[in-house]
Structure formats: structure tokens, C-alpha cells
Amino acid sequence: MFDIILHIFPYAIAFTIPLLVTSLGGLYSERSGVVNIGLEGLMIVGSFASAAATVALYPVLGPNAVWFGLLAAVVAGALFSLLHAFASINLNANQVISGTAINMIAGALTVYIARTLTGSGNIQIKQGVPRVDIPFLSDIPVVGPLLFQKTYATTWIVLGLWLLLWFVLYKTPFGLRLRACGEHPHAADSAGVNVQAIRYAAVVISGALAGLGGATILLTYSGEFNGQVAGLGFLALAALIFGQWKPLGILGACFFFGFAATLANASQAEPALKVIPDVILKVFPYAVTLIALVLLSKKSQAPRAAGEPFEAGKR
Amino acid sequence: MNFFFRKELLVGLSAVVLGLAAGAILMAVTGNNPFAGYFYLFAGGLMNLERLGNTLAMATPLILTGLSVAFAFRTGLFNIGAAGQALMGGLVATTLALTLGLPKGLILPIILVAAAAAGALWAWLPGLLKARFNVHEVVSTIMMNWIAYWVTYYTIPTFFKGSFETESRLIPEAASLKIPLLTQLFSGSYINLGLLVSLLAVVVISVVLNRTVLGYRLKAVGYNRFAAEYAGVNVNRHIVASMAIAGALAGLAGATFYVGYTSSMQIGVLPSIGLDGIAVALLASNSPLGVMGSAIFFGILQSGKGFMNAMTKIPPEIGDTIIATIIYFAATSVLIERWFDTMAKNRGGKNRV
């Protein structure tokens, strides 16, 4: 059993990290009161931007091009999310419809551009994020090989971001205002908070993080842009809900989903896992989210004003 | 009322024009001639009987998923799960088509009813969760979409593996919705009996919404659920009913797609007819007749893009990009409405002078 865990652990981490960072993006957007189901599309945009930038810069920078790939994804995700921010904050549009439009535009437009650039709709990168051993820590028995050997640099970036985002959300004035906008925007407004500005910032942060999530998939385990991220954006949304809109809950939910998905993938190779049909492992995260929604329906921690446009005159 | 209708039509048409303009800009920016692009795009969808038949075949499932989304919208529900419901409808239809060896006249009704039931079941659960536990239907239908995706992903290769790992066996001729009469009439296109099913659905849904007590109550729940409850409507039951009917329509769409339009079931994709159905419904302002019109329009874009790609260098994804942009403009239609209002005001002012 330990062998199996040891074997699938790196894959599970690799799968969890992009999910986590995207889910944190969803957290910021929804805690400010803007539902963002465009996460999937924003991930695709990030994946595309990182692929294009990495390939374009590879001849000049070599292996270092990936860092600019990550940066490009963050910028592209943030810019693309402005479409959603404009529709849902300035125009009070239906946020779910706007998010759906984001998903559709992202999926079609990126492949259109990729085809114009490369002829096929795919972009292949030469080299992804380097894998590093953490000094000293990697020598610890059991834990070392499991956690600290051959880790992707992005894993540590994202875990660092998790800490930072938790701190910003709960320990800074900006975080307090952001949460207030998601719970009771009118109260925040009367206390002098610029609800629209805070929500803009939150949506752009969610776009940047989802872009980073898409780039992480591309630059770690996928290696090829093909116009989709296999529903991971929606899974991140599920993790957000399952984690009850809290950073720690999201961390737990993402690892949980990451392991469930990896078990399903690994069960081909591991005879010990064959007893559980693959379909059950794959369906598991979604079914669990549905059950969680039902169980927590009475005391859901969802931001109260999520999905509601803010109109200053309405009381 | 008449004025309102005209305004909605104007806003819809403006979204289309803006979407096409955005597509033209995209073509021009990527170094293509937009006039040639649009000429071949529309020629590819309408040029001859075969292409017209393909356009109608493409529009068939879109009419049904569009109706599905529009119907739920009227009750204030957002059915983003049409893709999953269509997938389950398609899976049940494919299963029956590959296992039942019945004559065509008998098997087709069975397939259609079973597919509608599967879709209805797949939407009934989110409806129930919404009514009983106030679980938001957007989230639950997204979850149901991915459950359907993985169920199909493992069912097809396990039981009905075809010549490829990712495909089912071919649907036998006797179980296909394609019939020689229609195929010959449209010189060998993909058009099939599903078109009649979808047109019938337009009529039925239109009558249900506008001429029946059930439709009146469903719309009442959509306008104001609390007012409807106060007036004695059982809101919970109507929410579940609305979702189930929407799911049945999407399930039918799946049947017309997987045993009509295509001849085998592919795994590993959520059918795009689900999201496109949202576009269709939005553009149509949720009116059944409008759904038919906008589905045929999107059908032209979808079936013409291949021809355009063959005649020019424009990638076929332009079709989806235009559709997606149209939804964005429909979602931000407040902007267009405001513009129309200012225009109307200005003109009124001038006339008075």
C-alpha cells in the first residue's frame, strides 16, 4: 500500500496544484460577490499564453523561458477576466451567462489563434518547469522522497501563494473590505468602501490565478496546448464549494480531489486498485460535492451577495 | 407588448451584427479577407441542397437544447447541464440502438422516449436538490455534466467498443434516425427525422408555455417565486417539473445527435450542443419560435465553417468564436438597450422641435 502511495504521490501533487491555485482565484472572486464560472476559460487562456510565450522565448532564453510563460499566463488571465468584470460589475449582467461566454470565447479564440500560429491547433513546448530537490529536507527518510525530491518549482510558488492569499483575505484591510462586499455590499458602501473597485480587483485576481493554474498544467504534466483543460476549471469550482469558500477548506478539498483523480488514473497500472471500478473514482469528486451541498445546505458558508449585481441606489 | 417584442428582436439582431463584426475584425487581424470568409461561411451552409440539409441536421439538436435552456429560464432556472443531459440521452439511445434488434418503426419511438426519460432523470435530480435543499442548479448541473461525461467515458469502451478505443460501434441502419427519403431529398446529407422531432417540440413547448395552466404557473414561479407561492402554486413541484421537462428536451437532443447526426458515439468530449443551447436560448430571448430561428442561424455557422476552412486559410474555430461573442453581447445587452433608448429619446426630441 505504501508503495502505491509513494508511486502516485508526485502525480497527485502535480494534479492538485493547478486545481488549488484556480480554486483560490474562484475564492477571491466569489468572496467579493462575483460568481465566476469562467474559471475554465481563464485557465485555457493561461495555458495558451504560457505555451505561446514559452515557445516564442525558448530560442532566446532557453530553459528560463518558462518563467516568462508563467508571467504571460498571469497577465493574460487578468486581462481576459476584465471582460467578465465589465459585464458583471459595470453592466450588472447575469454573471453566470457572462462566465459561460468567457468559457466559450476562450476555448474557441485560443484554438483559432493557435491554428493561425502553428497550422495545427496545438502548441508543444520544448521544456517545462524544472524539477528540483529541496536541500536538506529531501534527505529526510520517508517524508523526503515523498514531498521534497524532484518537486516542481510551481508547487512551492502556489503553496506560497496560498499562504499569502489567506493572509491578505483575513489579515489586511483589503481582505476585510473584499469579504464585506461579498456579504453585504450596501453596508460596505455606506462605510465608504468602493464596492465596484474592490470587485474589479477581486475578479482580476481570480483571472490572474486561474491563468497561472492553466499555465501550471501546461508547464508541468501536460506539455502541449490543445484548447482545453479537461474540466479542471469546473472541478476547481467544486473544490471551492466543497471547501466552503475558505482557504483551508479549499486546500483540503483540492488534495482530496487530486488524490481521487490520480487514483483513477493510476488504477490501470496498480493491480491493488483494480478492485474499485475507475468510473467510481472519477465520478467521486462530483458526487461528493453534490452530497456536501445537500448536507451543508442549512448552514452554507456561501458569500451572501455572490451573484447579485450591486446597485448603489437599491436598499 | 408589441413594442417590447420588437425591442428584444432588435437587441438580438444587434448582438448578431456585433458578433459578426467581431469575427470580421478577428479575420482581418489574422491576415484574412473577412468578405471572402463570410461569403464561404454562408455558402458552405446554404449553397446547395446537401449543405442546406447538413445545416438543418446541425440545427436539430441545437433547437432541442435551446428549447431546454429557454424552458428552464422561463421558470427562473439556469440549465447549464444540457450537455450532460444530452450525453445521457445519447448514451441510452446508443445502448438501445446497439442492443435491440427491432424493426425501425418500433425501435425509433422506444429510443426517443427512453432518451427523453434519461435526460429528464439527469435534470430531475438537480431540480429536486433545488426544491428541497436550495442547492443552486448551476452548480449541481455542472456536477451532473461531469458525472455523465465519466459514465459515458467508461460505458462505451467497456460494452460497445468500435474500431477505435474512443468510439462506439456504428449504429445499425435500422436504428438510425436517418431515413432514405430525407437523405435522398437532400442529396445525401446528414438530415434526419430528428428535425421533425425538434419542430414538433417547438410547437408543443410554445403551446405549453403560452396556452396551458402548467405553463402559466411555471412562468409565475419564474417571475416571482414568492408571489407564485402566495397565489397557491406549489413552487417546489413546479421547479422539479420544469427541470425534468428541460432535461427531457436535452435528452431528445442527445438522441438526435448521437443516433441521427453522427453514426457512433464518441467519448472524451462534452457535446458542444449543451453550451450552444445556452447561446441559442439567450439570442432568442427564450421564445420557442426564436429558438428555432437562432438555432438555424448557428447551424449555418457550424456547418459552413468546414467549407470556409477549405476555401480560405481561416481556421474553423471562427464559427465558435462568433457564437461565443454573440452570447457575450447578448449578456451585455443592457449596453445595446441603453443605446437604443438614448437614440429613441433623441429622435423624439428632434421631432418635437
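Values in this document were obtained by computation on a predicted structure and should not be read as measured data.

**So, the overall build of chain A**
Of the regular secondary structure elements, chain A holds 12 helices and 4 strands. At 20 Å, chain A has a C-alpha radius of gyration in line with the 20 Å of a compact globule built from 315 residues. Counting only C-alpha atoms, chain A reaches 60 × 45 × 40 Å along its principal axes. By residue count, 53% of the 315 residues in chain A fall in the buried class. Restricting to contacts in chain A with at least 6 residues of sequence separation, those with at least 24 account for 76%.

**Some points on the overall build of chain B**
Summing up its helical and strand segments, chain B has 15 helices and 0 strands in all. The C-alpha atoms of chain B give a radius of gyration of 21 Å, which matches the 20 Å a tight globule of 353 residues would have. Projected onto the principal axes, the alpha-carbon positions of chain B cover approximately 75 × 60 × 35 Å. In chain B, which comprises 353 residues, the proportion classed as buried is 54%. Put simply, of all contacts in chain B between residues at least 6 apart along the chain, 80% involve residues at least 24 apart.

**Section: the confidence of the model for chain B**
All names here are of chain B. The pLDDT averaged across chain B works out to 89; a share of 97% of its residues lies at or above 70. Here helix H15 (residues 333-352) is the element of chain B with the lowest mean pLDDT, 72, and helix H4 (residues 82-99) is the one with the highest, 95. For this predicted complex, the interface confidence reaches an ipTM of 0.85, while the overall pTM sits at 0.89.

**What to know about the interface of chain B and chain A**
One widely used convention gives an interface's size as the accessible area the parts lose upon coming together. At the interface, 34 residues of chain B touch 36 residues of chain A. Looking at the side of chain B that touches chain A, the elements that each hand over two or more residues are helix H5 (104-133), helix H6 (137-160), helix H12 (273-283), helix H14 (318-331) and H15 of chain B. Sorting elements by how many residues they give to the side of chain B that touches chain A places H6 of chain B first, with 10 residues. A breakdown of the residues in the side of chain B that touches chain A according to their chemical character gives 26 nonpolar, 6 polar and 2 charged.

**Description of the confidence of the model for chain A**
Averaged over all residues, the pLDDT of chain A is 87; the fraction at 70 or higher stands at 96%. Of all helices and strands in chain A, the one with the weakest mean pLDDT is helix H5 (residues 143-148) of chain A (71), whereas helix H7 (residues 173-183) of chain A scores best (94).

**Here's the deal with the nonpolar core**
Counting residues in hydrophobic clusters, the biggest one holds 220 residues, and the most contacted among them are Ala239 of chain A together with Ile111, Leu249, Leu252, Ala279 and Ile327 of chain B. With 17 residues, helix H11 (residues 235-261) of chain B is the single largest residue contributor to this core.

**Notes on helix H9 (residues 195-222) of chain A**
Residue and element names in this part refer to chain A. Helix length check: H9, at 28 residues, gives a terminal C-alpha distance of 39 Å against a target of 40 Å (1.5 Å per residue), a fit within 8%. Most of H9 sits inside the fold, with 22 of its 28 residues counted as buried. Gly223 occupies a position one or two residues after H9 and carries a positive phi of about 80°.

**Observations regarding helix H9 (residues 213-223) of chain B**
Residues and elements named next belong to chain B. For H9, the complete set of buried residues consists of Arg217, Leu218 and Val221. Mapping the buried residues of H9 onto a view down its axis gives an arc of 100°, with all of them on the same face. At its buried positions, H9 is contacted by helix H3 (49-74), helix H10 (225-230) and H11.

**Points about the packing of helix H4 (residues 95-118) of chain A against H14 of chain B**
Between H4 of chain A and H14 of chain B, whose axes approach to 8 Å, the crossing angle comes to 155°. By the angle between their directions, the pair H4 of chain A and H14 of chain B is classed as roughly antiparallel. Every pair of crossing elements has a handedness; the one defined by H4 of chain A and H14 of chain B is left-handed. Listed contacts from H14 of chain B to Ile97, Ser98, Thr100, Ala101, Met104, Ile105, Ala108, Leu109 and Tyr112 of chain A of H4 of chain A are Ile318, Asp320, Thr321, Ile323, Ala324, Thr325, Ile327, Tyr328 and Ala331 of chain B. A per-class count over the contact of H4 of chain A with H14 of chain B returns 13 nonpolar, 4 polar and 1 charged.

**So, the packing of H3 of chain B against H11 of chain B**
Residue and element names in this part refer to chain B. In the contact formed by H3 and H11, the axes pass within 8 Å of each other and the chain directions differ by 170°. Classified by the angle between their axes, H3 and H11 sit roughly antiparallel to one another. Here Ala57, Thr60, Pro61, Leu64, Thr65, Leu67, Ser68, Phe71 and Ala72 of H3 lie close against H11, whose contacting residues are Ser242, Met243, Ile245, Ala246, Leu249, Ala250, Leu252, Ala253, Thr256, Phe257, Gly260 and Tyr261. Split into classes, the residues belonging to the contact of H3 with H11 amount to 15 nonpolar, 6 polar and no charged.

**So, the environment of Ser14 of chain B**
Structurally, Ser14 of chain B is set in helix H1 (residues 2-29). Distance in space between the C-alpha atoms of Ser14 of chain B and Ala330 of chain B is 8.7 Å, their sequence separation being 316 residues.

**Topic: the environment of Ser138 of chain A**
All names here are of chain A. With respect to the helices and strands, the residue Ser138 is situated in the loop between strand S2 (131-132) and H5. Take Ser138: there are 17 C-beta atoms within 10 Å of it, and that puts it in the partly exposed class. When the C-alpha positions of Ser138 and Gln149 are compared, they lie 5.4 Å apart, and in sequence the two are 11 residues distant.

**Quick notes on unusual backbone geometry**
One non-glycine residue with positive phi stands out, namely Ala230 of chain A, at about 55°. Inspection of the secondary structure assignment puts Ala230 of chain A in the loop between strand S4 (224-225) and helix H10 (232-242). In this model, Asn286 of chain B sits at a positive phi of 65°, which is unusual for a non-glycine residue. Within the element layout of this structure, Asn286 of chain B appears in the loop between H12 and helix H13 (288-311). Overall, the presence of 21 C-beta atoms within 10 Å leaves Asn286 of chain B in the buried class.

**Remarks on the environment of Ala14 of chain A**
All names here are of chain A. Take Ala14: it is sitting in helix H1 (residues 2-31). Note: C-alpha distance between Ala14 and Thr216 (202 residues apart in sequence) is 8.7 Å. Beyond its immediate stretch of four places on either side in the chain, Ala14 contacts Tyr152, Thr220 and Tyr221.

Reading the values: the criteria
- Each residue is numbered by its place in its chain's sequence as written, counting from 1.
- Chains carry letters and ligands carry numbers; both start at the beginning, A for chains and 1 for ligands, and go up in the order they are written.
- Given that this is a predicted model, residues contribute local features only at a pLDDT of at least 70 and side-chain atom pairs are listed and counted only at 80 or more, while totals for whole chains, interfaces and linings are drawn from all residues.
- Strands are runs of DSSP state E lasting at least 2 residues, helices are runs of H or I lasting at least 4, and numbering of each runs from the N terminus.
- The globule rule is 2.2 Å times the number of residues to the power 0.38, and the radius of gyration it is compared with is taken over C-alpha atoms.
- Backbone-placed C-beta atoms define the burial measure: a residue is buried with 20 or more other C-beta atoms within 10 Å of its own, exposed with 12 or fewer, and partly exposed in between.
- In this description, a residue-residue contact is defined by the distance between C-beta atoms placed from the backbone, which must lie within 7 Å.
- For every residue, the pLDDT score states the predictor's confidence, bounded by 0 at the bottom and 100 at the top.
- Under the scheme applied, nonpolar residues are Ala, Val, Leu, Ile, Met, Phe, Trp, Tyr, Cys and Pro; charged residues are Asp, Glu, Lys and Arg; polar residues are all the others, including Gly.
- The nonpolar core is taken to be a set of buried Ala, Val, Leu, Ile, Met, Phe, Trp, Tyr and Cys residues joined by way of C-beta atoms within 7 Å.
- Expected helix span is computed as 1.5 Å times (number of residues minus one).
- The directions from the helix axis to the C-beta atoms form the arc being described.
- Axes here refer to lines fitted to C-alpha atoms; in helices the fit is confined to the stretch in contact. Angles between the N-to-C directions go from 0 to 180 degrees.
- Any angle between 65 and 115 degrees counts as roughly perpendicular, while under 35 counts as roughly parallel, over 145 as roughly antiparallel, and the rest as oblique.
- The handedness criterion is simple: a crossing whose near helix is rotated anticlockwise from the far helix by less than a right angle is left-handed, and one whose near helix is rotated clockwise is right-handed.

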